[in-house]
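# Fold and geometry: a report
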Amino acid sequence: MNALQNPFALLARLLLAALFLPAGISKISGFAGTAGYIGSVGLPMPELGAAIAIAVEVLGGIALIVGFGTRWAALALAVFTLVASFFFHAYWAMPAEQQMMQQLMFMKNIGVVGGLLALAAFGAGAFSLDARRKA
């Protein structure tokens with residue numbers, strides 16, 4: 001398995017980025033809708049929240065793809081995902097007919113947080129800009 005460590009680290013970065021980069025880009029074109037959704041759950045300053053979400057998802061996604069500042073990017077995305085999960089997938093506070101889907105979304109996000117924390121702990125691997133900077 002040691003021979004697969006670096007290819008798996010690259011694949012993990014790419015797969016995780018596949019969640020965040022497209023989501024961030026779609027928030028740019030749908031900024032008003034994103035801000036409206038953020039406001040609908042009672043969060044203050046929804047436009048600022050939307051801008052922060054875009055920055056975290058786009059910059060974090062790009063950082064994962066190229067493997068630059070990977071540990072910090074993964075940690076930022078993990079915190080962002082965990083916080084967002086409690087506000088946007090609060091299945092425990094929803095009607096019974098909505099709970100199952102929202103619980104699945106919440107638990108999926110918890111799994112994503114786990115993957116991001118592993119990336120933060122172990123780094124980007126050899127196929128990254130982080131590794132080139134160390135060399």
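The paragraphs below set out a description of the structure included in this document. (Residues numbered from 1 in each chain as written. Predicted model: local features only at pLDDT ≥ 70, side-chain atom pairs only at ≥ 80, totals over all residues. Heavy atoms only, no water.)

## Let's talk about the overall build of the protein
Scanning the protein from terminus to terminus reveals six helices and zero strands. Summarising its shape, the C-alpha atoms of the protein cover approximately 50 × 30 × 20 Å along the three principal directions. The buried share of the protein, taken over its 135 residues, is 33%. When the accessible area of the protein is evaluated, it comes to approximately 8,000 Å², of which 74% is carbon and sulfur surface. With 7 positive and 4 negative side-chain charges, the protein shows a spacing of 19 Å between the two charge centroids. (Helix = DSSP H or I, 4+ residues; strand = E, 2+ residues; numbered from the N terminus. Buried < 20%, exposed > 50% of the residue type's maximum accessible area, 1.4 Å probe, protein only. Areas by Shrake-Rupley, 256 points an atom, 1.4 Å probe, with all protein chains shown as cover. Lys, Arg positive; Asp, Glu negative; His and termini not counted. Charge placed at Lys NZ, Arg CZ, Asp CG, Glu CD.)

## Focus on the packing of aromatic side chains
Counted by the stated rule, this structure contains six aromatic pairs. With 5.7 Å between their ring centres and 55 degrees between their planes, Phe86 and Trp92 make a pair best called tilted. The class for Phe86 is partly exposed, based on a relative accessible area of 45%. The exposure class of Trp92 is partly exposed, given its relative accessible area of 46%. Members of the aromatic cluster, connected to one another through ring pairs, are Phe86, Tyr91, Trp92 and Phe106. (Phe/Tyr/Trp six-rings, centres within 6.5 Å; stacked < 30°, edge-to-face > 60°.)

## As for the pattern of salt bridges
Where charged atoms of side chains with opposite charge meet at close range, the side chains can pair. Counted under the stated rule, the structure contains two salt bridges. Between Lys27 and Glu57 there is a salt bridge, with its nearest N and O atoms 3.0 Å apart. Of this pair, Lys27 sits in helix H1 (residues 5-29) while Glu57 sits in helix H3 (residues 46-66), and the two are 30 residues apart along the sequence. Here the two residues Lys27 and Glu57 agree in accessibility, since each one is buried. (Salt bridge = Lys/Arg side-chain N within 4 Å of Asp/Glu carboxyl O.)

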